Amino acid sequence: MSEAKPDLKARLRLPTRLTRVSWRDLAVVGLPALLIVVAAFAIAGRFIQPPPPSKIVMTAGADGSMFRNYAERYRKILARNRIKLEILPSRGSVENLKRLADPKQAVDIGFVQGGLPADLRSDDLVSLGSLFYEPLFVLYRSAQPIDRLSALTGKRLAIGREDSGGEALALALLKENQIDDGGPTALLRLADQDALDAMLQHRVDAVFLTGDSARSDQIRRLLHTPGVRLFDFVQAEAYLRRFRYLSRLDLPMGLLDLGRNLPARPVTLVAPTVELVARDDLNSELSDLLIEAAQEVHGRGSALARPGEFPSPVERDFPISDDAARYYKSGKSFAYKHLPFWLASPVDRLVVLLVPTLVLLLPALRLVPTMYNWRIRTRIYRRYAQLMAVERDSLQLQEPERAQQITERLDLIEKAVINMKLPPKFADEAYVLRQYIDFVRARLKSVATA
């Protein structure tokens, strides 16, 4: 017995291969977590929009026009955010809409007056909001006031430049009053100064002025002319019911000229609004930036609009884009409120990418240590199972020569334990297992010597 104790101590001093980390086990356990993270990145990536382009193209109006002047203000605002705005001159709303509806045209946004023919529109166009009123001024020469457009039947009417928004609006309203092109009423396509000169020279009986042709100085000049009157849309509510793109404007007495009190009494006008129209694939970040620019340009109010009335998300001829509706409801995101646009753009996309990834990654990281410990202990428990099988065989040992075979099986188990790669924190479990191996070995020796 005295010789058995040193032998037991010697066996207990046999080294077990301890490592800080079993990289193979870590890889087996960590691979599912890695796949979860990769899948999270892939899923999040599908919801991340590409970075906004550095240049967009706007179709505006002719040089010196109101549309062009507004576009120039947009250009300066966008330039502060490192976005270049290229402005294409045009003849007005009709040409702008045709360009936007044509997929072959490299145009992103444009100013479009409400009330243009439906056949010019496209299903892939959306509105970023209404920007301002474009009132219709009808000035006519008559000894007595008239309150129906139908009273202009048989007259000579200047209805605006061909293919202009003003022409389209005039034709629509006149048609509702049974005045059609080609009938007894002469509909003349005259623009701006030509229409003004024709009225002053008695070559036309009435002019329809909108947009750039309806400048306050021109209207005052006509109203100062004896016999020229401003048409009062007393049927404004009926027009609004028939044309959903129209709004009612009440022109107070003296607004055009306080000194001469023009108009001499309150007058009601009808007005379409001009919308900022874009293609439906416009980058959402650019959509936000354009609406922010519109608020700066159009939000301060005017003689015809209250401060803050524009830009407005009220739907007119075009559906409000989802991005615009979200902006009007919630405003800018946190990143865009506190960072410049060029920096907020990548930060916002990074947040969209990381949030869902972290939601999946944190539980996965918590699970990895548990799975790793389970895998290491499974290796140790497997040897326990083998040892229990050997012990059961030793209890049924009838022949001493079988003890040697069982002892060799114990040696193989012990060798496997010694060669196991285990982190240091599992060393005590390995050494306890080896103590049990020596316990079974001692029983076998007692059986063999019996």
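Refer to the structure above for everything that follows.
Predicted, not measured: the structure shown is a model, and the values here were computed from it. (Residues numbered from 1 in each chain as written. Predicted model: local features only at pLDDT ≥ 70, side-chain atom pairs only at ≥ 80, totals over all residues. Heavy atoms only, no water.)

So what's going on with the overall build of the protein? Which residues, and what values?
For the protein, the helix and strand inventory stands at 14 helices and 11 strands. Here the protein holds 450 residues, and 44% of them are scored as buried. Summed over all atoms, the accessible surface of the protein reaches about 24,000 Å², with 56% contributed by carbon and sulfur. (Helix = DSSP H or I, 4+ residues; strand = E, 2+ residues; numbered from the N terminus. Buried < 20%, exposed > 50% of the residue type's maximum accessible area, 1.4 Å probe, protein only. Areas by Shrake-Rupley, 256 points an atom, 1.4 Å probe, with all protein chains shown as cover.)

Account for the nonpolar core, naming residues and giving values.
Ranked by internal contacts, the top residues of the largest apolar core, which has 31 residues, are Y74, I109, F111, L276 and L290. It is helix α9 (residues 284-298) that provides the largest number of residues to this core, a total of seven residues. In this structure, Y74 is in contact with M58, L85, F111, L131, L276, L290, A293, A294, V297 and H298, ignoring residues within four places of it in sequence. Core analysis: the second largest hydrophobic core is formed by 26 residues, L139, A158, A195 and A214 among them. (Core = buried A, V, L, I, M, F, W, Y, C linked by side-chain atoms within 4.5 Å. Contact = heavy atoms within 4.5 Å.)

Break down the packing of α9 against helix α10 (residues 322-330) for me, citing the residues and quoting the values.
One way to put it is that α9 packs onto α10 with a least axis distance of 9 Å and a crossing angle of 55°. Comparing the axis directions of α9 and α10 gives the class oblique. For the pair α9 and α10, the sense of crossing is right-handed. On α10, the residues touching S284, S287, D288, I291, E292 and Q295 of α9 are D323, A324, R326, Y327 and Y328. Counted by class, the contact of α9 with α10 contains four nonpolar, three polar and four charged residues. (Axes fitted to C-alpha atoms, helices over the stretch in contact; angles between N-to-C directions. Parallel < 35°, antiparallel > 145°, perpendicular 65-115°, else oblique. Left-handed = near helix turned anticlockwise from the far one by under 90°. Nonpolar A, V, L, I, M, F, W, Y, C, P; charged D, E, K, R; others polar.)

Describe the pairing of strand β3 (residues 109-113), and please don't skip the residues or the numbers.
Across the five residues that make up β3, a large majority, five, are buried. Judged by which residues are buried, β3 turns out to be covered on both faces: I109, F111 and Q113 on one side and G110 and V112 on the other are all buried. Strand direction decides the pairing type here: strand β1 (residues 55-59) and β3, joined by two bridges, are parallel. Looking across to β3, one finds that M58 is bridged to I109. Bridge count for β3 against strand β11 (residues 267-279) is five bridges, and the pairing is antiparallel. What sits directly across from Q113, in β11, is V274. (Pairing = 2+ DSSP bridges.)

Before we move on, could you go through a negative patch on the surface and cite the residues and values that matter?
Together, D123, D124, D280 and D281 give the surface a local cluster of negative charge. Within the fold, D123 resides in the loop between β3 and β4 (125-133). Assessed through its relative accessible area of 83%, D123 is described here as exposed. (Patch = residues over 30% accessible without salt bridge, like charges linked within 9 Å, V, L, I, M, F, W, Y side chains within 5 Å. Salt bridge = Lys/Arg side-chain N within 4 Å of Asp/Glu carboxyl O. Lys, Arg positive; Asp, Glu negative; His and termini not counted. Charge placed at Lys NZ, Arg CZ, Asp CG, Glu CD.)

Can you explain a nonpolar patch on the surface? Please cite residues and give values.
A cluster of nonpolar side chains, namely L31, L34, L35 and V38, defines an oily patch on the protein surface of about 380 Å² accessible area. Inspection of the secondary structure puts V38 in helix α2 (residues 23-46). For V38, a relative accessible area of 49% gives the class partly exposed.

With reference to specific residues and values, describe the pattern of salt bridges.
Evaluation of the coordinates by the stated rule reveals 26 salt bridges. Note that R121 is salt-bridged to D317, the shortest N-O span being 3.6 Å. Note that R121 is positioned in the loop between β3 and β4 and D317 in the loop between α9 and α10, a separation of 196 residues in sequence. When its relative accessible area of 14% is taken as the criterion, D317 is described as buried. One salt bridge connects E414 with R441, and the closest N-O pair in it is separated by 3.1 Å. Separated by 27 residues along the polypeptide, E414 in helix α13 (residues 401-419) and R441 in helix α14 (residues 427-449) bring together distant segments of the chain. The same class applies to E414 as to R441, namely buried. Look at the salt bridges and you will find they share partners, linking D411, E414, R434, D438 and R441 into a network.

These results come straight from atomic positions and should not be treated as a statement about function.
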